[in-house]
Amino acid sequence: QYLDWQPENGMQVEVRATATVYEARGKFQLVVDAMRRAGLGALYAAFEKLKAKLEKEGLFDPALKRDLPPFPHTVGVVTSPQAAALRDVMTTLRRRMPAINVIIYPTPVQGEGAGASIAGAIALAGTRAECDVLIVCRGGGSVEDLWAFNEEVVARAIHACPIPVVSGVGHETDFTISDFVADRRAPTPTSAAEQAS
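The following refers to the structure shown.

### Brief notes about the overall build of the protein
Next, step 1: From N to C terminus, the protein includes 7 helices and 7 strands.
Next, step 2: Reading the helices (α) and strands (β) of the protein from amino to carboxyl end gives β-β-α-β-α-β-α-β-α-α-β-α-β-α.
Next, step 3: Compactness check: the protein gives a C-alpha radius of gyration of 21 Å against a globular reference of 16 Å for 197 residues, more than 25% above the reference.
Next, step 4: Its C-alpha atoms give the protein principal-axis dimensions of roughly 80 × 35 × 25 Å.
Next, step 5: Counting the 197 residues in the protein, one finds 38% classified as buried.
Next, step 6: Taking contacts inside the protein between residues at least 6 apart in sequence as the whole, the part at least 24 apart equals 65%.
Next, step 7: Here the protein displays about 11100 Å² of accessible surface, and carbon together with sulfur accounts for 53% of that area.
Next, step 8: Charged side chains in the protein number 20 positive and 23 negative. The centres of these two groups are separated by 1 Å.

Here it is in structure tokens:
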């Protein structure tokens, strides 16, 4: 009764259960307390649900993707000032376009409230209109570490941003909702800086 999906015959599931034996008949039993689809953790299920919702609303529409400016004067970076990702982005921008201006919109990139902070930084960059392209990034980590970039508030902030956005979250194999909404997805923060410049 607590599931938001309907189990069907033949499905593979993971359960939390108490094992018992009915001695009179020698029957082994499982009393199930919780169930989820096999291979799909709660976070992955939430990711897929939000992805489907936003895709249906048209936030991932390729026709909405804006081109990045070929020679930006100013690049904005939404990330944590302490992040290794920021150092990678700065090194890449300085190597590729030494005269480029960089504006950092500092925000926590993981933990409680990070999603709202990231969305606020993106909105601030859009309101100030100081840069030609905006990089939203952080380095790799676990699914939990990257989760702020899977929050709906971040997706909507990227979609509403008047500045073209490059999402560079995690490593090559990591995908977040922000990657699908952004004008361009980069597999790493370094690649995001390369694409922006």
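Still to come is the rest of the account.
### Here's the deal with the packing of helix α3 (residues 114–128) against helix α5 (residues 152–160)
Next, step 1: Packing of α3 against α5 leaves a shortest axis separation of 8 Å and a crossing angle of 10 degrees. Classified by the angle between their axes, α3 and α5 sit roughly parallel to one another. Contacts between α3 and α5 pair G115, A116, I118, A119 and I122 from the former with V153, V154, A157 and I158 from the latter.
Next, step 2: When grouped by side-chain class, the residues that make up the contact of α3 with α5 number 8 nonpolar, 1 polar and no charged.

### Concerning the sheet that holds strand β5 (residues 133–138)
Next, step 1: One open sheet holds the 5 strands; their spatial order is β4-β3-β5-β6-β7, and the pairing between them is parallel. Single-partner strands in this sheet number two, and they are β4 (101–106) and β7 (184–185).
Next, step 2: Examined bridge by bridge, strand β6 (residues 165–169) and β7 share 2 bridges and lie parallel to one another. Note on β7: the bridge partner recorded for S167 is R185.

### With respect to the pairing of strand β1 (residues 13–22)
Next, step 1: Alignment of β1 against strand β2 (residues 27–37), held across 10 bridges, turns out to be antiparallel. What sits directly across from T18, in β2, is V31.
Next, step 2: In textbook terms, the turn of a hairpin is the stretch between consecutive antiparallel strands, and for β1 and β2 this stretch comprises 4 residues, one of which, G26, has a positive phi near 70 degrees.

### A few points about the pattern of salt bridges
Next, step 1: This structure, assessed with the given rule, holds 7 salt bridges.
Next, step 2: Among the ionic pairs, R128 bridges to E130, the shortest N-O distance being 4.0 Å.
Next, step 3: A relative accessible area of 35% places E130 in the partly exposed class.
Next, step 4: Residue R185 is joined to D179 by a salt bridge in which the shortest nitrogen-to-oxygen separation is 3.6 Å.
Next, step 5: On the basis of relative accessibility, which here comes to 24%, the residue R185 falls in the partly exposed class.
Next, step 6: It is possible to trace a salt-bridge network through shared partners that takes in K53, E57, E152 and R156.

### Some details on the nonpolar core
Next, step 1: If you look at the biggest cluster of nonpolar residues, it comprises 32 residues, and the most contacted ones within it are V78, I118, I122 and L134.
Next, step 2: Residue assignment for this core shows that the elements contributing at least two residues are α1 (42–57), α3, β5, α5, β6 and α6 (177–181).
Next, step 3: At 6 residues, the largest contribution of residues to this core is made by α3.
Next, step 4: Counting 18 residues, the second-largest nonpolar core is a separate cluster that includes V77, V89, C137 and A192.

### Looking at the environment of P7
Next, step 1: With respect to the secondary-structure elements, P7 resides in the segment before β1.
Next, step 2: Judged by its relative accessible area of 32%, P7 falls in the partly exposed class.
Next, step 3: Distance from P7 to G58, taken between C-alpha atoms, is 30 Å for residues 51 residues apart in sequence.

### A look at the packing of α1 against α5
Next, step 1: The interhelical angle for the contact between α1 and α5, taken along N-to-C directions, is 25 degrees, at an axis separation of 11 Å. Judged on the interaxial angle alone, α5 and α1 are roughly parallel. Handedness of the α1/α5 crossing: right-handed. On α5, the residues touching L50, K53, L54 and E57 of α1 are E152, A155 and R156.
Next, step 2: Tallied by class, the residues present in the contact of α1 with α5 amount to 3 nonpolar, no polar and 4 charged.

Conventions adopted
- Residues numbered from 1 in each chain as written.
- Predicted model: local features only at pLDDT ≥ 70, side-chain atom pairs only at ≥ 80, totals over all residues.
- Heavy atoms only, no water.
- Helix = DSSP H or I, 4+ residues; strand = E, 2+ residues; numbered from the N terminus.
- Rg over C-alpha atoms; globule rule 2.2 N^0.38 Å.
- Buried < 20%, exposed > 50% of the residue type's maximum accessible area, 1.4 Å probe, protein only.
- Contact = heavy atoms within 4.5 Å.
- Areas by Shrake-Rupley, 256 points an atom, 1.4 Å probe, with all protein chains shown as cover.
- Lys, Arg positive; Asp, Glu negative; His and termini not counted.
- Charge placed at Lys NZ, Arg CZ, Asp CG, Glu CD.
- Axes fitted to C-alpha atoms, helices over the stretch in contact; angles between N-to-C directions.
- Parallel < 35°, antiparallel > 145°, perpendicular 65-115°, else oblique.
- Nonpolar A, V, L, I, M, F, W, Y, C, P; charged D, E, K, R; others polar.
- Pairing = 2+ DSSP bridges.
- Salt bridge = Lys/Arg side-chain N within 4 Å of Asp/Glu carboxyl O.
- Core = buried A, V, L, I, M, F, W, Y, C linked by side-chain atoms within 4.5 Å.
- Left-handed = near helix turned anticlockwise from the far one by under 90°.

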